[in-house]
Amino acid sequence: MASSTPLARLLEERSSGRVVKHLAAILDQLPNSYCQLESLGRHECVIRGRRMLNFNAINYLGLEQHPEMIASAQQALATWGTLAGSSRAAAEVGLYEKLESKIAEKIGVESVIVYPTVTLANHGVIPLLMRKRSLLLTDQEVHNSVQRAAIEAKGAGATLGSFIHDDFTQLEQILEAQRGQHSHAMIALDGVYSMAGTYLNLPRYEAIAKKYDAMLYIDDAHGFGVVGPEGRGIVSHYGSNYDNTIYVASLEKGLASLGGFVAVPQAARDYFRYNSYTYTFSGQLPPPYLASALTAMEILEREKGARLTRLHELIGRVKTEVQEIGFEVIGEDHPFPLVMVKVGEFENIPEVSQFFYDEGVHILTVGFPVIPQSRGAMVRISLSATHADSQIDRLMAAFRKLHAKLNPSRTQQDSRECLADTASSVAA
Ligand SMILES: Cc1ncc(COP(=O)(O)O)c(C=O)c1O
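Residues numbered from 1 in each chain as written. Predicted model: local features only at pLDDT ≥ 70, side-chain atom pairs only at ≥ 80, totals over all residues. Heavy atoms only, no water.

Under an unreviewed UniProt entry, the name given to the chain is 8-amino-7-oxononanoate synthase/2-amino-3-ketobutyrate coenzyme A ligase, and the source organism is Pirellulimonas nuda. The UniProt entry for the chain carries the following comment under Cofactor (unreviewed entry): "pyridoxal 5'-phosphate". (UniProt positions renumbered as here; feature names shortened; annotations may be inferred.)

Shown next, in the form of structure tokens:
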């Protein structure tokens, strides 16, 4: 790379750092990371010419190939074209009003505002609310987009702090020391932690918020559509309310569309619309996504929870079988369709990733820095209500084979014990 311009010098410096090189060396060995999908079907995909079972995509309710979803997106394309071409602050596609009312009605709030993505919702809302005289505390495992928005809030004058994931003692210590010097305090959390598949402990956080006169900010990107009665999200799961909570969620993971929304009181709606920069200065969602989000909600309403019932069946089956095979499952008690399986230590990651590729299974293998170092190597199974039983059979067969590969002596011992048991029962 030429080092003659400031840009070239900057890029050379950045891309030759030790951490970057280390990451690249690992990622280069992972056939299931940063790869290209050559085609995508119903839980199948083609990567480097190989047909694979797909347990990597997040489409919990399996709506992404639903004929009504595709038809409504096509209809919206025919009616509105590919793009409205302006920010919502200028003029918005009429579908917004219907979609926002439907979401607000579903979760039981006065009003919601839809943004093009959850990231843009987080950036639109967090630095708007948290500025001078504000204390913003983030869980260390809250989604990256919340952490980045928090840095923006710091730039706007907020005091920023973070605490170890779910370390209530540390959180209280920080609040004890700092709450008095600030007019407002907000604790930022995820509704479901996507690298653990675990639910937010809302009752504990609500109690702390009440004790220290703070509010909560919950990014429930994964929970909406899936968690709680009729998939109304994490707040509804706990039978709580939105009086002291800013609730943000996604139209992607459960609804197979695009976009993020924030629940706001009607009286504050215009405050957000006129002041949040990612509302005013970003473009709006393309019409097909507004239409397919609406259609997804209509399908789910009509089906009365059938997809959630099926999803829970699959979650139960996979968690039980993976543990029976001999692997540790994280967040065992949380019935969430991201199943995190400990498969070894950090050094095992390339071997495990290659193993699943060779078995024809597209699945996420993660380690540090995506998850804390102490968790070693994990495989994340992403389940969907429309995975077929035969696809789960194949996945479980792959996990059985992986267990035998990683624990050869244990497996030989198991089969010896099994043979001995059989011999003694035959003798009896
Ligand atoms: C908790 C959480 N928040 C935000 C996002 C970002 O969502 P978007 O792609 O809509 O910006 C994700 C993405 O996976 C997420 O898991």
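Following the structure, the description resumes.
Student: Please set out the site of the ligand residue by residue, giving values where relevant.
Tutor: If you check the shell around the ligand, you find Thr117, Val118, Thr119, His143, Ser145, Asp190, Asp219, Ala221, His222, Glu252 and Lys253 and nothing else. Glu252 has a polar side-chain atom sitting 2.6 Å from an oxygen atom of the ligand. Taking Lys253, its side chain carries an N or O atom lying 2.7 Å from an oxygen atom of the ligand. Burial of the ligand by the surrounding chains reaches 84%, relative to a free accessible area of 390 Å². By residue class, the composition of the shell around the ligand is two nonpolar, five polar and four charged. (Near = heavy atom within 4 Å. Polar contact = N/O pair within 3.5 Å; in protein donor to acceptor, adjacent residues only side chain to side chain. Areas by Shrake-Rupley, 256 points an atom, 1.4 Å probe, with all protein chains shown as cover. Nonpolar A, V, L, I, M, F, W, Y, C, P; charged D, E, K, R; others polar.)

Student: Before we move on, could you go through helix α3 (residues 67–80) and cite the residues and values that matter?
Tutor: Look at α3: 20 Å from first C-alpha to last across 14 residues, which is about the 20 Å you get at 1.5 Å a residue. Looking at α3, one finds that the buried residues are Met69, Ser72, Ala73 and Ala76. Looking down the long axis of α3, one finds its buried residues gathered within 100° of arc, a one-sided arrangement. For α3, the exposed residues lying more than 90 degrees away from the buried face are Pro67, Gln74, Gln75 and Ala78. Contacts from the buried residues of α3 go to α12 (287–303). Backbone geometry just after α3 places Gly81 at a positive phi near 85°. (Helix = DSSP H or I, 4+ residues; strand = E, 2+ residues; numbered from the N terminus. Expected span 1.5 Å × (residues − 1). Buried < 20%, exposed > 50% of the residue type's maximum accessible area, 1.4 Å probe, protein only. Arc of directions from axis to C-beta. Contact = heavy atoms within 4.5 Å.)

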